[in-house]
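# Close look at the chain arrangement
One-letter residues, chain by chain:
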Amino acid sequence: MQGNEAIAWGALAAGCMFYAGYPITPSTEIAEMLSRELPKIGGKFIQMEDEIASLAACIGASVGGLKAMTATSGPGFSLMQEHIGYAAMTEVPCVVVDVQRLGPSTGQATSPSQGDVMQARWGTHGDHPIIALSPTSVRQSFDLTVTAFNFSERYRTPVILLLDEVVAHMREKADLPEPDSVERVERVATSVPPEWYKPYGDSRSDVPPMANFGAGYRYHITGMFHDPAGYPTQRLDEIDPWVERVHRKIERNIHDIVMVEEDGTGSARTVVVAYGGTVRSARHAVKLARQRRCKVGLVTLLTIWPFAEDVIARIARTAKRIIVPEMNLGQLALEVERIAGRHKVVRVNRANGHMVTPQMILDAIEGK
Amino acid sequence: MSREEHSAYSYLRQTKKFPNVWCSGCGIGIVMGALIRAVDRLELEKNEVAVVSGIGCAGRMSVYLDFNTMHTTHGRALAFATGLKIAQPKLKVIVVMGDGDALAIGGNHFIHAARRNIDLTAIVVNNEIYGMTGGQYSPTTPLNSRATTAPYGNIEQPLPTCDLAIAAGASYVARSTVYHSVELDRYIEQAIRKNGFSLVEAVSYCHTTFGRINKLGSAVDMMRQLKDNSVSRSAAEKLAPEERASKIVRGVLCDLDKPEYTALYQQVIERAKTAPDSQRRVGGGRQ
């Protein structure tokens, strides 16, 4: 099975009932599969006129009560930034898959890249929280798709699934769980009568219950700053609490959201921090280094955003060097440097459409 | 009749602080009134109606209406509405946009929503200018008119909104003006009732920007110009082509019955469910 196929199965297992997208390599298999599978279970698929419309349709469908997803690659991801901001502002759950390809611009459609890491964080204008996950294997593509939907519904936020072409088009054996055994999170519905409902009101979890359109709760949704009732506002005593709450709803759940895998990091003087397809090279490099009796650890970041600050800070206390291989010219390395200090970080970069090789990482481990 | 009993008031949000954002004398309020009267005449439940709007003066309409309302992004209202309609086919989804919103930044979505013939009611309030940003020329600004970004006169041809919708495949297309509000009520009512993509072009004016720059007088003067410059479709047919070209032609310009998108998608679901491999489950995927 291929990474893209695992994403489609993961979406179905998570309860996705709506997909809108626009064809783009190397993500198209996701759309093709869901156009076939969704109607079998009464779900809806639509091919929109562009990526801007695709994410708009997903948000519209999500407001109508369906779990919704779109998938794209760099050029389309650039177009989607407008509505990632809208989804963050209106707190409408949706999942955006970005299968990164070499850029900028049209770049190279079938060449892998990790060049959209910072775009996933800051691509849309204005301050907003975001969640981005990055799988390293086909099975993990399935699992993290389910997690992406669950985070999206639990926290009422857009979630970005950041793949690279390596994982998306890689074929490997993957035993998927039975769909019924997969944990599904549903959005918190409101229990108050319609006249009391505040779509953006205070709640203990900082995630207000969400009423779907058509359920008898008439309210207003807007991309403008809004008060608890959803109406536009310019009042500082309504804007400030909104800004604080939407950031707090992610920050206070950071231990749920930030997922990392650690291998031998406890006493290692050298630690490799990697994510996505680059983890495959990093694992091999670490294995070769250990065979040469070099004490080296590996941190795999499954959650890219919010950044795993605590984990990196802990590792930086004992490790002398942190090696960050990326298929870009150093994007997440900036975050590692921010936490660990520039003097400790060794970047291993490649932005030409080829993978970072195990040898490149091994050379860095050995200080060559 | 008390204020509360009057149908228009009962459809306005009591919790939203009025006055509205529109300049006094603006025609958009008349379109809002027409929308309310159409919904009232159709006896639709408020919960069954969704109003999705874009960005601009006309886009602000949704916030005042006591329906399911969504104020979206500039130009994209029809794309949001498409997703909402597919998710909730029972909702009557009305999409309110301005001319710049629907036809410039949203031109592509406009064409494709009409092409799909999805059951949405699009209302384009055409005031021939970008009002909210202060009077820049729009896709419907007449040739040679002035705008803040066309200080020497507009050299771009105006877009024929209704012709575009008809060519793209809309089921119902009608045009009227904010002067002819009774007619506007009726067209919006027919458009909502139509099962398919429908468009009502509500020709309005902007006395604050367009009127001032082009020395067209007050709101009342511009309202009078709508009256004097418009003709019914039947009257227009009797005019010479060059004379007709300078008139606003009012009327139902297209009214067809053809397959609607969400109904067709329901057929796709039936086909998929009876397809030979329809029972395949997630765990049984190609390994």
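The structure displayed is predicted, hence computed values, not measured ones. (Residues numbered from 1 in each chain as written. Chains lettered and ligands numbered in written order. Predicted model: local features only at pLDDT ≥ 70, side-chain atom pairs only at ≥ 80, totals over all residues.)

### Concerning the overall build of chain A
- Looking only at helices and strands, chain A features 13 helices and 14 strands.
- In terms of C-alpha radius of gyration, chain A reaches 21 Å, essentially the compact-globule figure of 21 Å for 368 residues.
- Taken over 368 residues, chain A has a buried fraction of 57%.
- Within chain A, residue pairs in contact and separated by at least 24 positions form 75% of the contacts whose partners lie at least 6 positions apart. (Helix = DSSP H or I, 4+ residues; strand = E, 2+ residues; numbered from the N terminus. Rg over C-alpha atoms; globule rule 2.2 N^0.38 Å. Buried ≥ 20, exposed ≤ 12 C-beta atoms within 10 Å, placed from the backbone. Contact = placed C-beta atoms within 7 Å.)

### Re the interface of chain A and chain B
- Taken together, the contact pairs 47 residues of chain A with 42 residues of chain B.
- Elements that contribute at least two residues to the side of chain A that touches chain B include exactly α1 (3-14), β1 (18-21), β2 (44-47), α3 (51-63), α4 (74-90) and β8 (220-222) of chain A.
- Considered class by class, the residues forming the side of chain A that touches chain B number 28 nonpolar, ten polar and nine charged.
- By the bridge criterion, three bridges tie β8(A) to strand β2 (residues 68-71) of chain B in an arrangement that is parallel. The residue bridging A:Thr222 from the neighbouring strand is B:His71, located in β2(B). (Nonpolar A, V, L, I, M, F, W, Y, C, P; charged D, E, K, R; others polar. Pairing = 2+ DSSP bridges.)

### Topic: the domain arrangement of chain A
Residue and element names in this part refer to chain A.
- We note that the domain assignment places domain 1 (3-181) and domain 2 (259-365) within chain A.
- Averaged C-alpha coordinates put domain 1 and domain 2 at centres separated by 26 Å.
- Residue assignment for the side of domain 1 that touches domain 2 shows that the elements contributing at least two residues are β5 (108-112), α5 (117-122), β6 (131-133), β7 (158-164) and α7 (165-169). (Domains from an automatic or database assignment.)

### Digging into helix α12 (residues 332-340) of chain A
Residues and elements named next belong to chain A.
- Here α12 has its buried residues at Leu332, Ala333, Glu335, Val336 and Ala340. Buried residues of α12, seen end-on, are gathered within an arc of 155° and therefore sit on one face of the element.
- The elements touched by buried residues of α12 are α5, β10 (270-274), β12 (303-305), α11 (309-318), β13 (321-326) and β14 (345-349).
- Backbone geometry just downstream of α12 places Gly341 in the positive-phi region, at approximately 95°. (Arc of directions from axis to C-beta.)

### A few points about the sheet that holds β8(A)
- The nine strands are arranged β8(A)-β2(B)-β1(B)-β3(B)-β4(B)-β6(B)-β5(B)-β8(B)-β7(B) in an open sheet whose pairing can be described as mixed. Looking at which strands have only one partner, the edges of the open sheet turn out to be β8 of chain A together with β7 (230-232) of chain B. The mean inter-strand angle of the sheet, taken between neighbouring strand axes irrespective of direction, is 20°.
- Summarising the sheet, strand β5 (residues 172-177) of chain B and strand β6 (residues 198-203) of chain B pair through six bridges and their orientation is parallel. In the strand pairing of β6(B), B:Val173 is matched with B:Leu199.
- In the packing of helix α7 (residues 181-193) of chain B onto the sheet, the strands contacted are β3 (92-98), β4 (120-126), β5, β6 and β8 (248-255) of chain B, and the crossing angle to β5(B) comes to about 165°. (Axes fitted to C-alpha atoms, helices over the stretch in contact; angles between N-to-C directions.)

### Observations regarding the environment of B:Arg37
Residue and element names in this part refer to chain B.
- With respect to the helices and strands, the residue Arg37 is situated in helix α2 (residues 28-41).
- By the C-beta count within 10 Å, which is 20 here, Arg37 ends up buried.
- Spatially, the C-alpha atom of Arg37 lies 25 Å from that of His207, the residues being 170 residues apart in sequence.
- Among all residues touching Arg37, those that are not within four sequence positions of it are Ser7 and Asp185.

### A short note on the sheet that holds β14(A)
Residues and elements named next belong to chain A.
- A sheet is described by the order of its strands in space; here five strands give the open sequence β9-β11-β10-β13-β14, paired in mixed fashion. Of all strands in the sheet, those bounded by a partner on one side alone are β9 (260-263) and β14. Each strand axis lies, on average, 20° off the axis of its neighbour in the sheet, ignoring direction.
- The pairing of β10 with strand β11 (residues 296-301) spans five bridges and is classified as parallel. Counted as the bridge partner of Val272 is Leu298 from β11.
- Against the sheet, helix α13 (residues 358-365) touches β10, β11, β13 and β14, its axis set at about 165° to β13.

### Focus on the nonpolar core
- Membership of the largest hydrophobic core comes to 197 residues, with the highest contact counts inside it found for A:Val272, B:Val31, B:Leu84, B:Val95 and B:Ile123.
- Formed jointly, this core draws a minimum of three residues from each of two domains, domain 1 (3-181) and domain 2 (259-365) of chain A.
- Ignoring sequence-local partners within four residues, the contact set of A:Val272 consists of A:Ala282, A:Ala285, A:Val286, A:Val296, A:Leu298, A:Ile323, A:Pro325 and A:Ile361. (Core = buried A, V, L, I, M, F, W, Y, C linked by C-beta atoms within 7 Å.)

### Focus: helix α3 (residues 77-87) of chain B
- The buried fraction of α3(B) is high, at eleven of eleven residues.
- When we look at burial in α3(B), the residues that qualify are B:Ala77, B:Leu78, B:Ala79, B:Phe80, B:Ala81, B:Thr82, B:Gly83, B:Leu84, B:Lys85, B:Ile86 and B:Ala87.

### Structural notes on the packing of helix α10 (residues 278-291) of chain A against α13(A)
All names here are of chain A.
- For the pair α10 and α13, interaxial distance at closest approach is 8 Å and the crossing angle is 50°. In terms of their interaxial angle, α10 and α13 are classed as oblique. The handedness of the crossing between α10 and α13 is right-handed. In contact with Ser281, Ala282, His284, Ala285, Leu288 and Ala289 of α10, α13 contributes Pro358, Ile361, Leu362 and Ile365.
- A per-class count over the contact of α10 with α13 returns eight nonpolar, two polar and no charged. (Parallel < 35°, antiparallel > 145°, perpendicular 65-115°, else oblique. Left-handed = near helix turned anticlockwise from the far one by under 90°.)

### Re the pairing of β6(B)
All names here are of chain B.
- With six of its six residues buried, β6 lies for the most part within the structure.
- Neither face of β6 is exposed, since Ser198, Val200 and Ala202 on one face and Leu199, Glu201 and Val203 on the opposite face are all buried.
- Taken together, β5, α7 and β6 constitute a β-α-β crossover, and its handedness is right-handed. (Right-handed = clockwise from strand over helix to strand, strands pointing away.)

### Considering the environment of B:Val31
Residue and element names in this part refer to chain B.
- Within the secondary structure, Val31 sits in helix α2.
- Taking the C-beta count within 10 Å as the criterion, Val31 has 24 such neighbours and is therefore assigned buried.
- Separated by 27 residues in sequence, Val31 and Ala58 have C-alpha atoms that sit 9.1 Å apart.
- For Val31, the residues in contact, after removing those within four places along its chain, are Ile123, Val125, Val178, Leu184, Ala202 and Ser204.

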